[in-house]
Amino acid sequence: MNTLIEVVALFLGFVSWILTLITLEDQHWRESSQDGSVILTSNLYENLWMSCASDSTGNYNCRDFPSLFALPGNGMWSTHKSLMIASIVFGSFGLVATLVGMKCSKIGGENYVLKGKIAAVGGVFFLLQGLCTMIAVSWYAANITQQFFDILYQGTKYELGEALYIGWASATLAICGGSCLLCSCGIMTDSEKIPYPLQPSSRGHVRTSNYDRNAYV
């Protein structure tokens, strides 16, 4: 049962790690709103690294942000990038620790107590990955929503892009995988426990003589 839970947790962690990479590379973190527009000539969309524009003919052009400090709310952008990069790093550590700590893995020998602790560390890394992704994506979405409903905001208003939904899915899978690993580490069957040999008591020992009884007359 523990092995099955660990395999499921590893699968969830791996899928969430892949989705985190897709989220970070996806260009559609936010898209320009089409609300109230009668004639649509172009569509703007951005991620943490670049801004793109596409026209009605399907042509698009992307440019990297020239300077992080020139962006409005540059501290927010740098925090989002840091959280997403930290999420990928935590996920990588979680995958390695889980592979080493799985009881069906030959890595690390057959010390199941130590392997269980390593698997638990992998679960913690998956939880950190999920939390970092969830904070980055939710914070980014909250800023988009705030600007969209701000009647005093005169700039381009954006809507939530597909990358944010992928990020939420990634965070949910990572948290589920980490929780499964932590739960499986607290369960150990009798066959997985390390038996300790019983030490015979020093009391009640019968001392035998080195002489044979026939030696006495």
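Our subject is the structure listed above.
Reference entry: report on the structure contained in this document. Note that the coordinates shown come from a computational prediction; the quantities given were computed from them, not determined experimentally. (Residues numbered from 1 in each chain as written. Predicted model: local features only at pLDDT ≥ 70, side-chain atom pairs only at ≥ 80, totals over all residues. Heavy atoms only, no water.)

Our next topic: the pairing of strand β2 (residues 42-46). For strand β1 (residues 30-32) and β2, the ladder comprises 2 bridges, and the chain directions are antiparallel. In the sheet register, R30 faces β2, and the bridge partner there is E46. As paired strands, β2 and strand β3 (residues 50-55) are joined by 5 bridges and run antiparallel to one another. Bridge pairing in β3 places Y45 opposite C52. Where β2 folds back onto β3 in an antiparallel hairpin, the turn is made up of 3 residues. (Pairing = 2+ DSSP bridges. Helix = DSSP H or I, 4+ residues; strand = E, 2+ residues; numbered from the N terminus.)

In this section: the environment of G177. One can find G177 in helix α4 (residues 162-185). By relative accessible area, G177 is classed as buried at 0%. Between the C-alpha atoms of G177 and G130, which are 47 residues apart in sequence, the distance is 9.4 Å. In this structure G177 touches A9 and L12, once residues within four positions along its chain are discounted. (Buried < 20%, exposed > 50% of the residue type's maximum accessible area, 1.4 Å probe, protein only. Contact = heavy atoms within 4.5 Å.)

The subject of this paragraph is the state of the cysteines. Counting across every chain of the model gives 1 disulfide. The disulfide that involves C52 links it to C62, with 2.0 Å between the sulfurs. In this structure, the disulfide formed by C52 and C62 twists by about 110° around the S-S bond and is classed as right-handed. Of this pair, C52 sits in strand β3 while C62 sits in strand β4 (residues 60-64), and the two are 10 residues apart along the sequence. C176 takes part in no disulfide bond, and the closest cysteine sulfur to it belongs to C180, at a distance of 6.7 Å. Of all cysteine sulfurs in the structure, the one in C180 sits closest to C183, which takes part in no disulfide; the separation is 6.7 Å. For C183, a relative accessible area of 53% corresponds to the exposed category. (Disulfide = S-S within 2.5 Å.)

We now examine the sheet that holds β1. Taken in spatial order, the 5 strands of this open sheet run β4-β3-β2-β1-β5, and their pairing is antiparallel. The open sheet terminates on both sides in strands that have one partner only, identified here as β4 and β5 (158-160). Averaged over neighbouring strand pairs, the angle between their axes works out to 25° when direction is ignored. (Axes fitted to C-alpha atoms, helices over the stretch in contact; angles between N-to-C directions.)

Glancing now at the nonpolar core. Counting residues in each nonpolar core, the largest one holds 25 residues, and the members touching the most others are W29, L48, M84, Y140 and L164. Where this core is concerned, the elements lending two or more residues are α1 (2-25), α2 (74-101), α3 (112-148) and α4. Looking at which element gives the most residues to this core, the answer is α3, with 8 residues. Those residues within four positions of L164 in sequence are excluded, and the remaining contacts are W29, V137, Y140, A141 and I144. (Core = buried A, V, L, I, M, F, W, Y, C linked by side-chain atoms within 4.5 Å.)

This brings us to the environment of F126. Here F126 lies in helix α3. Residues in contact with F126, not counting those within four places in the same chain, are A9, G13, G91, G94, L95, T98, A174, I175, G178 and L181.

An α-helix turns once every 3.6 residues. As a result, residues three or four positions apart point the same way. Counted at 1.5 Å a residue, the expected span for α4 with its 24 residues is 34 Å, and the 35 Å between its end C-alpha atoms agrees. Turning to α4, its buried residues are A163, L164, G167, S170, A171, A174, G177, G178, L181 and S184. (Expected span 1.5 Å × (residues − 1).)

This part takes up the packing of aromatic side chains. Summed over all chains, the structure comprises 5 aromatic pairs. When the ring of F148 is compared with that of F149, the centres are 5.1 Å apart and the planes differ by 80°; the resulting orientation is edge-to-face. According to the relative accessible area criterion, F148 is partly exposed, its value standing at 22%. Three or more aromatic residues joined by ring pairs make a cluster, and in this case those are F90, F93 and F125. Positioned above the aromatic ring of Y158 is the side chain of R30, whose terminal nitrogen or guanidinium carbon lies 4.1 Å from the ring centre. (Phe/Tyr/Trp six-rings, centres within 6.5 Å; stacked < 30°, edge-to-face > 60°. Lys NZ or Arg CZ within 6 Å of the ring centre and 35° of its normal.)

Right, let's talk about the pattern of salt bridges for a bit. Should their charged atoms come close, side chains of opposite charge can pair. Under the counting rule described, the total for this entry stands at 1 salt bridge. Between E46 and R30 there is a salt bridge, with its nearest N and O atoms 2.7 Å apart. Here E46 is found in strand β2, whereas its partner R30 is found in strand β1, with 16 residues between them in sequence. Taking relative accessible area as the criterion, E46 reaches 8% and is therefore assigned buried. On the accessibility criterion, R30 (14% relative accessible area) is buried. (Salt bridge = Lys/Arg side-chain N within 4 Å of Asp/Glu carboxyl O.)

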